[in-house]
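Geometric and topological summary
Read off the chains here:
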Amino acid sequence: MQPQTLLKRQARTGSFRTQVTLAFWSVGLLALLFSPHFAEAAPPQRCLSNLDCPKRAPCINRRCFQGLRITVSGHNTSSYNIAVAPIVLTGLKAKKALRLGKRIDHQINRNFKRLLGTFKLIPRQAFLEQPPQNGIELGTFKFAPWRKISANGLIKMALRPGKNGRLVLQFRFYDVDGGQLALRINQPIESKFYRWHIHQVCDKVYHYLTGQKGIFTTKIAYVKRNRRKGKDIWVVDFDGSNRKRIVSNGHLNLMPSWSPDGRYILFTSYMDGRPYLYKVEVATGRVHRLSQRKGTYTGAICSPNNQSIAFSWASANSGGSSDIYVMTSRGTKMRRLTKAWGIDTSPTWSPDGKMIAFVSERFAHPHIFLMDANGGNQTRLTFKGDYNQEPRWSPRHNEILFTARDERLQYDLFVITLDRNSSGELEPKYRRLTQDQGTNLEASWSPDGRFIVFVSTRVGERKLYLMSADGRHQRLFLKGYGNFETPSWSPSLPHPRVMATGKSYVMKKKRAKKNKVTKVAKAAPKKRPAARKAAKSSTKPKARTSSKKKAKSGDDSEDEDDDKEDKKDDEEDDD
């Protein structure tokens with residue numbers, strides 16, 4: 001046989017083998033994809049990273065791919081590039097309206113800039129769009145200038161006058177990659193609640209991208225020492241603005257914890273001489289006492305269904321040894337869950353409310369334990385280290401955040417993932433979040449499980465810091481003099497007016513019986529009709545003029561406070 005024919009035959013057989021191999025692997029891959037053991041019929045879920053996908057599925061092109069069931073170690077924190085075009089003011093001439101437009105524009109940029117590792121805000125110096133092709137509706141602008149600067153999403157806004165003297169925010173969110181309109185919102189704006197309206201709009205953008213609720217309408221409660229040697233409870237928006245003190249009585253008020261509906265905050269206070277449990281209405285500031293039996297109450301936390309409260313209680317005769325108890329949300333039907341040697345404290349509920357994690361010293365050192373919601377099946381969870389405390393269950397994942405002391409006697413934050421093997425037994429996996437940055441403790445999850453607020457001493461005093469769930473993108477959250485303690489992240493909150501109309505439960509206290517003689521003696525003497533008319537005529541005009549002046553001065557002071565806060569926010573963002 002000639003060499004040329006031999007080479008041709010070998011080439012043909014080689015190409016044939018290559019084709020057969022490719023066909024075999026393609027058929028195998030298709031069978032793997034469409035196999036019921038690997039594929040699921042549900043459509044892919046929207047996501048920004050692997051944190052948004054269940055069962056640790058990969059997030060590819062902002063979609064969760066669960067068909068291959070790929071196990072990805074760690075967390076993918078690729079940022080979503082978003083551009084916020086300058087707001088357009090149409091038909092507005094009043095100074096207050098122009099000032100409100102600037103505040104809205106500033107707040108939108110601030111919201112997306114605060115979400116560390118999730119969104120990357122493109123600076124306006126890089127914008128290539130020029131008039132007249134810079135409108136907010138489709139057809140009045142082009143996507144090409146935004147694609148050139150690698151923008152994935154685009155926000156266009158306009159503020160115009162509406163009905164009854166209100167202003168209307170025209171909000172448009174565009175998918176630059178797909179070249180289409182994603183959200184079209186016309187939101188009436190109340191100047192008093194403009195921040196909340198902006199947070200609500202941003203939540204809708206977050207929900208469109210991930211299919212989950214955002215954290216823009218959330219708040220963070222924390223404790224700060226006052227000048228009277230007491231400790232007060234403060235509340236602040238998720239971005240660090242709008243600080244408000246809601247509990248201040250000159251006593252120690254400790255360990256705030258939000259109810260699932262966001263209307264109440266549970267806390268421990270010494271206002272009645274002993275550490276009892278209380279709850280405060282966030283909208284009105286009314287405080288209600290929940291516990292009545294003498295003893296030390298700490299670590300109260302509501303169940304996910306808002307029906308029960310888990311807490312630690314040490315009776316007056318227990319010698320300081322506390323146990324985990326459960327009672328109703330009204331403070332009744334107190335029931336004991338743990339009964340062991342040592343201190344049991346710091347309970348935290350699982351997202352489904354079926355399990356409780358807590359800290360126990362029953363083996364000489366504090367470790368984290370698990371048990372059913374009724375107190376059964378108490379098992380030890382942590383075996384590493386000799387001082388593990390302050391567990392907090394993630395609201396979305398099977399993970400528990402806790403504080404541990406390492407071999408150098410430094411307190412840092414860790415996460416334990418509750419994985420199970422083929423036989424169904426727990427195989428916990430540990431992940432360290434902080435290291436070599438002072439003392440880090442007292443952490444709390446955001447309601448979406450993507451961020452963590454915690455206390456750190458890396459600058460000397462105890463300050464609040466914010467970081468992503470993987471431990472990266474850490475930054476200072478609140479500035480100011482003093483020490484901060486025990487932050488607690490709230491769920492998504494409704495409109496402030498809706499919160500103020502909620503029903504509340506007040507504990508009834510026993511009143512001492514009074515004699516009829518004392519009532520008559522304390523009763524004020526009745527005035528004559530002529531004296532009443534004279535008193536009304538003399539007091540009415542003065543009250544009206546003073547109230548008007550107070551209202552005007554109050555509005556001006558609110559505007560000045562907002563301007564000061566905006567300047568501070570700009571300085572913090574520059575830092």
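Each remark here, short or long, concerns the structure printed above.
On a predicted model such as this, the values are computed, not experimentally measured, just so you know. (Residues numbered from 1 in each chain as written. Predicted model: local features only at pLDDT ≥ 70, side-chain atom pairs only at ≥ 80, totals over all residues. Heavy atoms only, no water.)

What follows covers the sheet that holds strand 32 (residues 475-476). With respect to topology, four strands assemble into an open sheet ordered 29-30-31-32, the strand pairing being antiparallel. The outermost strands of the open sheet, each flanked by one partner alone, are strand 29 (440-445) and strand 32. Pairing of strand 30 (residues 451-459) with strand 31 (residues 461-468) involves seven bridges; the strand directions are antiparallel. Paired with Val 453 across the bridge in strand 31 is Leu 466. (Pairing = 2+ DSSP bridges. Helix = DSSP H or I, 4+ residues; strand = E, 2+ residues; numbered from the N terminus.)

Now for the sheet that holds strand 28 (residues 426-432). Strand order in the open sheet made by the four strands is 25-26-27-28, with antiparallel pairing throughout. Of all strands in the sheet, those with a lone pairing partner are strand 25 (388-393) and strand 28, marking the two edges. Averaged over neighbouring strand pairs, the angle between their axes works out to 30° when direction is ignored. In the sheet, strand 27 (residues 411-420) pairs with strand 28 via seven bridges, with the strands oriented antiparallel. Residue pairing in the sheet places Thr 417 in a bridge with Lys 429 of strand 28. (Axes fitted to C-alpha atoms, helices over the stretch in contact; angles between N-to-C directions.)

Let us look at the environment of Gly 320. Examined against the element boundaries, Gly 320 turns out to sit in the loop between strand 18 (308-315) and strand 19 (323-328). The spacing of Gly 320 and Gly 295 is 25 residues in sequence and 9.1 Å in space, taken between C-alpha atoms. Apart from residues lying up to four places away in sequence, Gly 320 is in contact with Ala 314 and Ile 343. (Contact = heavy atoms within 4.5 Å.)

On to the nonpolar core. Residues Ile 104, Ile 108, Phe 112, Phe 119, Ile 155, Phe 171 and Phe 173 are the most contacted members of the largest nonpolar core, which totals 50 residues. The element contributing the most residues to this core is helix 4 (residues 194-210), with eight residues. (Core = buried A, V, L, I, M, F, W, Y, C linked by side-chain atoms within 4.5 Å. Buried < 20%, exposed > 50% of the residue type's maximum accessible area, 1.4 Å probe, protein only.)

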